[in-house]
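What follows is each chain in one-letter form.
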Amino acid sequence: MKRIAILSVLLLLAVFILLPGAGNGKYNVSNPVVADGSPLPWPPIPSGNTVLTADGSPLPWPPIPNSNTVMIADGSPLPWPPIPNTNA
């Protein structure tokens, strides 16, 4: 009895998914978009001196902050943002 109930629910879901849509919904399973198999075109080659090269070296270290400003990673989360005023 339990097996029949599960199978009937699965069959009902399959029917609802595979039936053609009555309107223009966001997803139309009965009319899928077909891929033509051709790859995307190559991106355009940058002009001038704007070419980036991957030389394998890591990014430079960020600048050391002034002695007046100290950032401490204490592990506590950031505070909640202020609640916007809706009385305007």
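My aim in this report is to walk through the structure given alongside it, one point at a time. Note that the coordinates shown come from a computational prediction; the quantities given were computed from them, not determined experimentally.

Digging into the overall build of the protein
The helix and strand inventory of the protein stands at 1 helix and 0 strands. Counting over 88 residues, the protein shows a buried share of 0%. Total accessible area on the protein stands at roughly 10000 Å², and carbon and sulfur atoms take up 68% of it.

With respect to a nonpolar patch on the surface
The grouping of Ile-6, Leu-7, Val-9, Leu-10, Leu-13, Ile-17 and Leu-18 at the surface amounts to a nonpolar patch, some 700 Å² of accessible area in total. The residue Ile-17 is located in helix α1 (residues 2–18) in this model. A residue is classified by how much of its surface remains accessible, and Ile-17, at 52% relative accessible area, is exposed.

Some remarks on α1
With 17 residues, α1 extends 24 Å from end C-alpha to end C-alpha; this agrees with the ideal 24 Å at 1.5 Å per step. Little of α1 is tucked away: 0 of the 17 residues are buried.

Basis of the calculations
Residues numbered from 1 in each chain as written. Predicted model: local features only at pLDDT ≥ 70, side-chain atom pairs only at ≥ 80, totals over all residues. Heavy atoms only, no water. Helix = DSSP H or I, 4+ residues; strand = E, 2+ residues; numbered from the N terminus. Buried < 20%, exposed > 50% of the residue type's maximum accessible area, 1.4 Å probe, protein only. Areas by Shrake-Rupley, 256 points an atom, 1.4 Å probe, with all protein chains shown as cover. Patch = residues over 30% accessible without salt bridge, like charges linked within 9 Å, V, L, I, M, F, W, Y side chains within 5 Å. Salt bridge = Lys/Arg side-chain N within 4 Å of Asp/Glu carboxyl O. Expected span 1.5 Å × (residues − 1).

The quantities given are spatial measurements derived from coordinates; they are silent on function.
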